[in-house]
Amino acid sequence: LLDRIWNFFSSVKVAVILLVITLIAAALGTVFPQEEFIPSQLPEIYYQQEYGFWGDLFYRLGFTRMYTSWWFILLISMIGISLVICSLDRVVPLYRALKNQTVKKDLEFIRRQRISIEQEVSEKEKELFFQTWKEQLRKRHYRIYEEQEALLAEKGRMSRWGPYINHIGLIIFLIGVLLRYLPGWNFSEVVYLREGETKQVPGTSYYIKNERSFAEFYSNNDANQPPMVKKYQTDAVVYIQDAKTGKLKPMKKQAILVNHPLRIDDVNIYQYDLQTALKGLQLAIVDRKSKAVRGHFTVYFDEISTKKVYQTGPFTLRILEYYPDFAMENNRPITKSAEPNRPAFIFELEEKGNPVKEVSWVISGVNFQNPPENRYDITFANLETINETGLLVRKEKSIPIYILGGTIFMIGLVMGFYWQHRRVWIRYQQGKVYLGAHTNK
């Protein structure tokens, strides 16, 4: 069984197939964003909503967590095992063959070389011939080995180790990749912050506040062309929590721009996204008979969890139900996500001096017909928006390992591609000199 496993992984064909499968899988994983890069909502809803059938299929096949899936880790591990076994299977015989090279080669072997010369030489000329060749080869930095009227000259033997130096570099690189799956070694997560909002930085004990986020555009005199973005920026403040009081104390303030991350300890925070978010809805209370507006109030989405009652003039309004992303399923109201994409409310309206309470539906984009006995309608009056920044929090301890592996790989690449192992065999027999030369490229 051990021999079968060894033979399987020592096959170059198997190694190539594993690499091709891994490359295809890695490419498929980039078709749609991975789960850690999508907005904070349910992935099973997000992919179908944003990308339709193919997005839903992408999610169901498990490609949304491609690079942390067990089978992708298994592929990477198998490539590493294949590299180790392929190297061991070939490096030991190569070492023995290079160390124990035969100086006095068979004449047929010399004749088969790409460059092969036969020349008649007298016994007196033989010494001069060998001496001349040795001097010329030494000038070209060949190492000379002699044995019984035979000579072997070689240089560039190190180039034969180039592919195995490549393998060492790749193995180190793959070790860096596999270390990413250790808890706390690596993570990459997007956090969305509205202006003025403070959240904990994922994977750390720090907090970050979005003081301001904006985009600057290049000036454009052509009204038919959309303006080009000059820069995206988030003015951020990093806080640390006081162990005694529990209060947040400012620690670092910095503008985060694309390719200019904010760094705290071994974590980098990148500018990843900028979008306009719905902050709140201004609603109007309208008298059905006179069509007069009797009052206004504004519902802010980040306050709904704590604020359910609103007061305007003689009216008191209570939120009985709230659906951020309203939809109907089996004749029942549901929310498809936690994001206010299509907000809907059920309000209870109470007027001072009137014992009768009215219940009204308010659904974004729908002119809903509330009970005819209601005296008032609640309608949309205005929208309030706010800039929301997306910050990519990334911790990557494997980068030095990648650099080391990549450097060793490039050294092996140079050795393998640009150095040549060159050998010259010379042998004298029965009044003739036989010369053969070979290079592995």
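Look up: the structure comes first, before these words.
Reading the values: rules and limits
- Residue positions within a chain follow its written sequence, with the count starting from 1.
- Only residues with pLDDT of at least 70 are given local features in this predicted model, and only at 80 or more are side-chain atom pairs given and counted; all residues enter the totals for whole chains, interfaces and linings.
- Excluding hydrogens and water, the side-chain values take into account all heavy atoms of the structure.
- Each helix is a run of H or I in the DSSP string that is no shorter than four residues. Each strand is a run of E no shorter than two, and both are numbered from the N terminus.
- The reference for a compact globule is 2.2 Å times residues^0.38; the radius of gyration itself is calculated from the C-alpha atoms.
- In this scheme, a residue with accessible area under 20% of its type's maximum is buried, one over 50% is exposed, and one in between is partly exposed, where area comes from a 1.4 Å probe on protein chains only.
- Any two residues whose heavy atoms approach within 4.5 Å at even a single point are treated as in contact.
- Computed by Shrake-Rupley with a 1.4 Å probe, the accessible areas treat only the displayed protein chains as cover when residues are assessed.
- Counted as positive: Lys and Arg. Counted as negative: Asp and Glu. His and the chain ends are not counted at all.
- For this purpose, a charge sits on NZ of Lys, CZ of Arg, CG of Asp or CD of Glu.
- Axis definition: a line fitted to C-alpha atoms, limited for helices to the stretch in contact. Angles are taken between N-to-C directions and run from 0 to 180 degrees.
- Every angle not falling under 35 degrees, over 145, or within 65 to 115 is termed oblique; those three ranges are roughly parallel, roughly antiparallel and roughly perpendicular.
- In this scheme, a crossing is called left-handed if the near helix is turned counterclockwise away from the far one by less than a right angle; it is called right-handed if the turn is clockwise.
- In this count, Pro and Cys sit with the nonpolar residues alongside Ala, Val, Leu, Ile, Met, Phe, Trp and Tyr, while Asp, Glu, Lys and Arg are called charged and the others, Gly among them, polar.
- Strands qualify as paired when DSSP identifies two bridges or more between them.
- In this scheme Phe, Tyr and Trp rings, the latter by its six-membered ring, pair at centre separations within 6.5 Å, and the angle between planes marks the pair as stacked below 30 degrees, edge-to-face above 60, and tilted otherwise.
- The criterion is that NZ of a Lys, or CZ of an Arg, lies within 6 Å of the ring centre and within 35 degrees of the ring normal, and then a charge sits over that ring.
- Residues enter patches when they are more than 30% accessible in relative terms and free of salt bridges; like-charged ones are connected within 9 Å and nonpolar ones (Val, Leu, Ile, Met, Phe, Trp, Tyr) within 5 Å.
- Take a side-chain nitrogen of Lys or Arg and a carboxyl oxygen of Asp or Glu: if they are within 4 Å of each other, that pair is a salt bridge.
- Any helix carries an expected span of 1.5 Å times its number of residues minus one.
- Bend, in this description, refers to the angle at a residue between axes fitted to the seven residues ending there and the seven starting there.

Section: the overall build of the protein chain
- Looking only at helices and strands, one finds eight helices and 20 strands in the protein chain.
- Scaling as 2.2 N^0.38, a compact globule of 441 residues should have a C-alpha radius of gyration of about 22 Å, whereas the protein chain reaches 37 Å, well beyond that.
- Oriented by its inertia axes, the alpha-carbon framework of the protein chain measures out at about 135 × 60 × 45 Å.
- A buried classification covers 39% of the 441 residues belonging to the protein chain.
- Expressed as a percentage of contacts within the protein chain between residues at least 6 apart in sequence, the contacts between residues at least 24 apart total 61%.
- Roughly 26400 Å² of accessible area belongs to the protein chain as shown, and the carbon and sulfur atoms make up 56% of that amount.
- One finds the centroid of the 57 positive side-chain charges in the protein chain at a distance of 7 Å from the centroid of its 46 negative side-chain charges.

Let's talk about the packing of helix H7 (residues 162-179) against helix H8 (residues 399-418)
- With their axes 7 Å apart at the nearest point, H7 and H8 run at an angle of 165° to one another. Overall, the two elements H7 and H8 adopt an arrangement that is roughly antiparallel. In this structure, the crossing between H7 and H8 has a hand that is left-handed. Within the contact between the two elements, H7 uses Gly 162, Ile 165, Asn 166, Ile 168, Gly 169, Leu 170, Ile 172, Phe 173, Gly 176, Val 177 and Leu 179 and H8 uses Ile 401, Tyr 402, Leu 404, Gly 405, Ile 408, Phe 409, Gly 412, Leu 413, Met 415 and Gly 416.
- A per-class count over the contact of H7 with H8 returns 14 nonpolar, seven polar and no charged.

Overview of the sheet that holds strand S17 (residues 357-363)
- Ordered in space as S12-S13-S16-S17, the four strands form an open sheet in which the pairing is antiparallel. On the outer flanks of this sheet lie strand S12 (309-312) and S17, each paired with one strand and no other. Shown here is a sheet whose adjacent strand axes are inclined to one another by a mean of 25°, direction ignored.
- Sheet analysis places strand S13 (residues 315-323) next to strand S16 (residues 344-351), joined by eight bridges and oriented antiparallel. Residue pairing for S16: Glu 321 is matched across the bridge by Ile 346.

With respect to the packing of aromatic side chains
- Under the criterion given, the structure shown has 28 aromatic pairs.
- Considering the side-chain rings of Tyr 46 and Tyr 47, the 5.5 Å spacing of their centres and the 85° angle between planes classify their relative orientation as edge-to-face.
- The exposure class assigned to Tyr 46 is buried, which follows from its relative accessible area of 9%.
- Measuring from ring centre to ring centre gives 6.2 Å for Tyr 47 and Tyr 59, while their planes differ by 20°; the resulting arrangement is stacked.
- Here Tyr 47 falls in the buried class, since its relative accessible area comes to 0%.
- By relative accessible area, Tyr 59 is classed as partly exposed at 26%.
- Among the aromatic residues, those joined into a ring-pair cluster are Phe 32, Tyr 46, Tyr 47, Tyr 51, Phe 58, Tyr 59 and Phe 63.
- The ring of Phe 109 is capped by Lys 105, whose NZ or CZ atom sits 4.5 Å from the centre of that ring.

A short note on a nonpolar patch on the surface
- Nonpolar side chains collect at one region of the surface, where Val 12, Val 16, Val 20, Ile 24, Leu 28 and Val 31 lie side by side and expose about 490 Å² of accessible area between them.
- Within the secondary structure layout, Val 16 lies in helix H2 (residues 12-28).
- Taking the relative accessible area as the measure of exposure, Val 16 reaches 45% and is therefore partly exposed.

Quick word on the sheet that holds strand S19 (residues 422-429)
- Read across the open sheet, the five strands follow the order S1-S20-S19-S3-S2; overall the sheet is antiparallel. Edge positions in the sheet fall to strand S1 (115-120) and strand S2 (143-146), since each has one partner strand and no second. Neighbour-to-neighbour, the strand axes of the sheet open up by a mean angle of 15°, direction not taken into account.
- Sheet strands in contact with helix H6 (residues 123-139) are S1, S2, strand S3 (150-155), S19 and strand S20 (432-439), and its direction is about 170° off that of S19.

Some points on the pattern of salt bridges
- This model, assessed by the stated rule, comprises 21 salt bridges.
- Overlapping salt bridges bring together Glu 108, Arg 111, Glu 118 and Lys 432 as one network.

Comments concerning helix H4 (residues 70-99)
- Its 30 residues place the ends of H4 43 Å apart at the C-alpha level, agreeing with the 44 Å of an ideal helix rising 1.5 Å per residue.
- Among all positions in H4, only Phe 72, Leu 75, Ile 76, Ile 79, Gly 80, Ser 82, Leu 83, Ile 85, Cys 86, Ser 87, Leu 94 and Leu 98 are buried.
- The elements touched by buried residues of H4 are helix H1 (2-9), H2 and H7.

Some remarks on the packing of H2 against H4
- H4 packs onto H2 with a crossing angle of 155° between their chain directions and a minimal axis gap of 10 Å. Classified by the angle between their axes, H2 and H4 sit roughly antiparallel to one another. Helix-helix and strand crossings are classified by hand; for H2 and H4 the assignment is left-handed. Residues Val 12, Ala 15, Leu 18, Leu 19, Ile 21, Thr 22, Ala 25 and Ala 26 of H2 lie in contact with H4, whose contacting residues are Trp 71, Phe 72, Leu 75, Ile 76, Met 78, Ile 79, Ser 82 and Arg 90.
- Class assignment of the residues belonging to the contact of H2 with H4 gives a composition of 13 nonpolar, two polar and one charged.

Observations concerning helix H3 (residues 43-60)
- Relative to the 26 Å expected for 18 residues at 1.5 Å per residue, H3 spans just 10 Å between its end C-alpha atoms, considerably shorter than the ideal helical length.
- At Tyr 51, H3 shows its largest bend, some 150°.
- Restricting attention to buried positions, one finds in H3 the residues Pro 43, Ile 45, Tyr 46, Tyr 47, Gly 55, Asp 56 and Phe 58.
- Summarising the contacts, the buried residues of H3 are in contact with H2.
- Directly beyond the C-terminal end of H3, a positive phi value near 85° is found at Gly 62.

Focus: the environment of Val 12
- On the secondary structure map, Val 12 appears in helix H2.
- Sequence separation between Val 12 and Leu 83 is 71 residues, and the spatial gap between their C-alpha atoms is 9.1 Å.

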